[in-house]
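Breakdown of the fold
What follows is the residue order along each chain.
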Amino acid sequence: MADKYQQFTTTPLGKFVTAKLGLPTPPVLRRYRPGQPPLDGPALVGAAPGGRLEKALTAQLTSADIDVVRAPADDTRYGALVFDATGIIDPAQLRELYDFFHSMIRDIAPSGRVVVLGTPPELAEGRERIAQRALEGFTRTMGKELKRGATSQLVYVADGAEDAAESTMRFLLSAKSAFVDGQVIRVGAAGTKTAQPPADWAQPLHGKVALVTGASRGIGAAIAEVLARDGAHVVALDIPAQGGDLSAVANRVRGTALQLDITAPDAPQRLADHLTQRHGGVDIVVHNAGITRDKTLAKMSEAAWDAVLTVNLAAQLAVNDALLAGGVLRENGRIIGVSSIAGIAGNVGQANYAASKAGVIGMIDEAAPRMAERGGTINAVAPGFIETQMTAKVPLMIREFGRRLSSLAQGGLPVDVAETIAWFANPASSAVNGNVVRVCGQGFLGA
Ligand code: NAD
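Worth saying up front: this structure is predicted, and the values here are computed from it rather than measured.

Our focus in this paragraph is the site of the ligand. The ligand sits among 30 residues. The nearest are Arg217, Asp238, Asp261, Asn288 and Tyr353. In this structure, Asp238 approaches the ligand through a side-chain N or O atom, which is 2.6 Å from an oxygen atom. Between the ligand and the protein, one listed contact pairs a nitrogen atom with a side-chain N or O atom of Asp261 at 2.8 Å. About the coverage of the ligand: the protein hides 94% of its 830 Å² of free accessible area. Contributing elements (two or more residues each) for the shell around the ligand: α7 (218-229), β8 (233-238), α12 (351-373) and α13 (389-392). Class assignment of the residues belonging to the shell around the ligand gives a composition of 14 nonpolar, 12 polar and 4 charged.

Now for the pattern of salt bridges. Where charged atoms of side chains with opposite charge meet at close range, the side chains can pair. For the structure on display, the rule yields 20 salt bridges. Here Arg31 makes a salt bridge to Asp416, at a shortest N to O gap of 2.8 Å. In this pair, Arg31 sits in the loop between α2 (12-21) and β1 (43-47) while Asp416 sits in helix α15 (residues 414-425), placing the two residues 385 residues apart along the sequence. Like Asp416, Arg31 is buried. Linking Arg229 and Glu419 is a salt bridge whose minimum nitrogen-to-oxygen distance equals 2.8 Å. On the criterion of sequence distance, the pair formed by Arg229 in helix α7 and Glu419 in helix α15 is long-range, its members being 190 residues apart. Each of the salt bridges in this network shares a partner with another, and the network as a whole consists of Asp3, Glu387, Glu400, Arg403 and Arg404.

A separate point is the side chain of Asp238. Mapped onto the fold, Asp238 is located in strand β8. The side chain of Asp238 sits in the buried core without any salt bridge; Arg217 is the nearest counter-charge, 6.4 Å away. A distance of 2.9 Å separates a polar atom in the side chain of Asp238 from a polar atom in the side chain of Ser216. If we ignore the near neighbours within four places in the chain, the residues touching Asp238 are Gly214, Ala215, Ser216, Leu246, Leu258, Gln259 and Leu260.

Another point: the confidence of the model for the protein. With 99% of its residues at a pLDDT of 70 or more, the protein shows a mean pLDDT of 95. Reported confidence for the predicted complex is 0.99 by ipTM and 0.96 by pTM.

Time to look at the UniProt feature "domain: Ketoreductase" (unreviewed entry) in the protein. When the UniProt feature table is mapped onto this chain, "domain: Ketoreductase" (unreviewed entry) is found at residues 208-389. For residues 208-389, helix accounts for 48% and strand for 21%, while the C-alpha atoms at its two ends are 29 Å apart.

Let us now look at the domain arrangement of the protein. Segmenting the protein into domains produces domain 1 (31-189) and domain 2 (198-439). Computed over C-alpha atoms, the centres of domain 1 and domain 2 are 28 Å apart. Contact residues are listed per partner, giving 24 residues for domain 1 and 25 residues for domain 2. Counting each side, the surface lost to burial between domain 1 and domain 2 is near 2000 Å², with a carbon and sulfur contribution of 59%. For the pair domain 1 and domain 2, the number of links is 1 salt bridge. On the surface where domain 1 and domain 2 come into contact, there are 7 residue pairs in polar contact (both at pLDDT 80 or more).

Parameters and conventions
- Residues numbered from 1 in each chain as written.
- Predicted model: local features only at pLDDT ≥ 70, side-chain atom pairs only at ≥ 80, totals over all residues.
- Heavy atoms only, no water.
- Near = heavy atom within 4 Å.
- Polar contact = N/O pair within 3.5 Å; in protein donor to acceptor, adjacent residues only side chain to side chain.
- Areas by Shrake-Rupley, 256 points an atom, 1.4 Å probe, with all protein chains shown as cover.
- Helix = DSSP H or I, 4+ residues; strand = E, 2+ residues; numbered from the N terminus.
- Nonpolar A, V, L, I, M, F, W, Y, C, P; charged D, E, K, R; others polar.
- Salt bridge = Lys/Arg side-chain N within 4 Å of Asp/Glu carboxyl O.
- Buried < 20%, exposed > 50% of the residue type's maximum accessible area, 1.4 Å probe, protein only.
- Lys, Arg positive; Asp, Glu negative; His and termini not counted.
- Contact = heavy atoms within 4.5 Å.
- pLDDT = per-residue confidence, 0-100.
- UniProt positions renumbered as here; feature names shortened; annotations may be inferred.
- Domains from an automatic or database assignment.
- Buried area = accessible area lost by both parts, 1.4 Å probe.

Printed below as a string of structure tokens:
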């Protein structure tokens, strides 16, 4: 599973060979360690005149122990460049982006962060709508131009949601978002009232119960670990055949194991009963269980089609119905789907998988308004190439393409997906609803 090429590039011989041949040198990404400072250097914060976010933003960054500076200084490496672009109401003002970033972009630290904040174009009118839409092309290009593990994101904050963006800023500016790059995120006006900062940002899920399906290994095991680290009691679910590994994960995270095949006809009801009787309900549901049965469509069996659509989509819809109808999912609850870039771009040999994963995106779109009415949210991650047993089975050349064809020139780790899910799960993220966020190092596939 290890990325041997990346390891080679960090050796003296590897450095010599890659430099001589002009080969890619995947940067070593800064990843989260408890207690580490959020950023490797101060955040330079700027704003277009008339921006409405600067005040809330400064308070949020300061509360996250980030050193905020307003004016550039000589010989400084910035941990982040943050720009409030909500004041840009006409395309002519896009020049503000150039003026702020042009001379500063080279001064960003390794694994540094660019975050641009705007107004959701769909909520703006006339020339403001056009100008705000333009921000996407700029931030995505910064993701492609930045080097040494630095990333770039655009956060559209609805009018009235200024104070509800803190969990998002903390996530994006920290090492937790190491493999999230070139993304557009929406913080909406709905849910802002319930977006309370947690008593302890190190344990934001304290007192919450989280269900994680497919938790015995890979990405699911990492999700269980990260949610438990953040204070949740984790109910780790997997098929009976994975019972041994599942118990090991549940013990490691001091959670409980539940052996259940989510495609069994009685699974939704058994799950609802289990969560109600043992835990009095559930706060966070992560639909991570997923399978592949790859073949081009002409060669694909009916069984392969049905199995993938059932595990990856139908079973999840049935579980949601059971948990929502019975009130098992508590107030301010979270449902989190795991889609895939194959669900966005399609992929040869994966008609069944891509349909199921695009269906997960449909599930988010369909349920987001209903979840908002209940004070909850539904969002999804769309992982790109993540180093797991699933991707270790991919043929070598395709695996190498999967890893290198991204702005960060490497695969992600299961923990990168898990950290993104933990941000959605945070009680302070109530205004983050209906988002599909790729965890793909800005993979070029479908970008
Ligand atoms: P994995 O195969 O290592 O783990 C999936 C887990 O789901 C397994 O433990 C499996 O036993 C469990 N599972 C399968 N069917 C089940 C069922 N009917 N009931 C209960 N549990 C079931 O896969 P992974 O790489 O860790 O992927 C996890 C999720 O991430 C999947 O949904 C996958 O599609 C998605 N994903 C992975 C990648 C990647 O690069 N690895 C990329 C995009 C999306």
